[in-house]
Amino acid sequence: MSSDTLSIIQPDDWHLHLRDGDALATTVAHSARVFARAIVMPNLKPPVMTVADACAYRDRIVEAIPAACNFQPLMTLYLTDKLSVDEVQRAHASEFVHAIKYYPAGATTNSENGVTNIESVYPALERMAELGVPLLIHGESTDPEIDIFDREKVFIDSVLAPLLGRFPALRVVFEHITTRDAAQFVEQQQASVAATITPHHLLYNRNDLFVGGIRPHFYCLPILKRNLHQQALIEAAISGNPKFFLGTDSAPHSKVSKENACGCAGIYSAPVALELYAEIFDQWDALDKLEGFASLFGADFYQLPRNTRRVHLTRRKSNVAAHFKLGNELVVPIRANETVAWSVHEESQ
Ligand code: NCD
Ligand code: ZN
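Not measured: the values here are computed from a predicted model.

About the cut-offs
Residues numbered from 1 in each chain as written. Chains lettered and ligands numbered in written order. Predicted model: local features only at pLDDT ≥ 70, side-chain atom pairs only at ≥ 80, totals over all residues. Heavy atoms only, no water. Pairing = 2+ DSSP bridges. Helix = DSSP H or I, 4+ residues; strand = E, 2+ residues; numbered from the N terminus. Axes fitted to C-alpha atoms, helices over the stretch in contact; angles between N-to-C directions. Near = heavy atom within 4 Å. Polar contact = N/O pair within 3.5 Å; in protein donor to acceptor, adjacent residues only side chain to side chain. Nonpolar A, V, L, I, M, F, W, Y, C, P; charged D, E, K, R; others polar. Donors = N, O, S within 2.8 Å, 3.2 Å for Na, K, Ca; no water. Tetrahedral: all angles 85-135°; square planar, octahedral: opposite > 155°, others 65-115°. Buried < 20%, exposed > 50% of the residue type's maximum accessible area, 1.4 Å probe, protein only.

Draft legend 1. Layout of the sheet that holds strand 9 (residues 244–246). One open sheet holds the 8 strands; their spatial order is 2-3-4-5-6-7-8-9, and the pairing between them is parallel. Edge positions in the open sheet fall to strand 2 (13–16) and strand 9, since each of these has one partner strand only. Taking each pair of neighbouring strands and ignoring which way they run, the sheet shows an average axis angle of 30°. Direction of pairing for strand 7 (residues 172–174) relative to strand 8 (residues 193–197): parallel, over a ladder of 3 bridges. Its bridge partner lying in strand 8, F174 is registered against A195.

Draft legend 2. Summary view of the site of ligand 1. Near ligand 1 there are 15 residues, and of these R19, T108, L221, D249 and H253 occur at the shortest range. A distance of 2.7 Å is found between a nitrogen atom of ligand 1 and a side-chain nitrogen or oxygen belonging to D249. Contact distances for ligand 1 include 3.2 Å between an oxygen atom and a backbone N or O atom of G266. Residues that form the shell around ligand 1 fall into these classes: 4 nonpolar, 9 polar and 2 charged.

Draft legend 3. Main features of the coordination of the zinc ion (ligand 2). For the zinc ion (ligand 2), every protein donor is listed as H15 (NE2), H17 (NE2) and D249 (OD), and the spread of their distances is 2.0 to 2.1 Å. Here the zinc ion (ligand 2) is ringed by 4 donor atoms whose angles at the metal span 92 to 143°, and the overall shape comes out irregular. One chain supplies every donor for the zinc ion (ligand 2), spaced along it as H-x1-H-x231-D. Here the residue H15 occupies a position in strand 2, and D249 occupies one in the loop between strand 9 and helix 9 (255–258), the gap between them amounting to 234 residues. Under the relative-accessibility criterion, H15 is labelled buried at 1%. Overall, D249 belongs to the buried group, its relative accessible area being 6%.

Take a look at the structure:
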């Protein structure tokens, strides 16, 4: 394998927002282009709260998969104060639901139905711990008094550490970690606690929000942090530690809702996600660590078989479109009108 080409086992995306309806034609095609499977986030309006909702949503996604792709959506339920122990049991028994997502109420896009009081979900969490159903956590304090750049750290101290103390057997993915504190915390836990890392938190820091003016397309939650945190995330991603794996948090919003006086949080990375991860691993001379991070560690954590097909990458620039159709609207991807340094291609090239 020369350093200009790379062949890895087909990756999976362990944190993805596909949305619903007309948007699926675009979002599903972009992810299915390179990823074999994806953990599909449940923050629709209304949220995916039951196994029946998840199965119906899965059917709509499956209908949108392009004929040539072998994509498998892995469904999640949205944890609310009302999630019953029986529903946890049904999720565990269902072959399609793989995890339950915890959004603190008000933390991010469509999270108004999230958990208001963690104690109200203790019975559900206890059953999840017994059955081994992973809890996926959006780890930010929702206290408006806390500085937005400190919300992840405060969440670790005030919610996550006590939660793991109370439910030591609970399998947890700390989603889209953004700080050195989170990376260190995850490293120190047992193997049942892992984390996803997005391409944008590896590639950018909070300066990128304000280059020459305010940049709504870099606004996501958790918000980009200062560069020392970016550096700690890069070290975690390229470390070869199986606790850290790929989750894009690709989160499309229409161009008008981003370029707005009150712009939505979310970065749309699915069209170039694998290329961006290759770019960053290459930049840090760690291409040999990409396969573990992108294709092996997540499957192992979720106790699913590793993929068998391979994907091929070349160090060759490709252009990124200015926008894509998203239903009746447009969505602006990360790196719009710019290039990415790597391209995915068929084996024969
Ligand atoms: C996500 C979205 O738009 O659904 N937004 C984001 O900024 N990441 C929600 C989320 O994962 O927090
Ligand atoms: Zn997300």
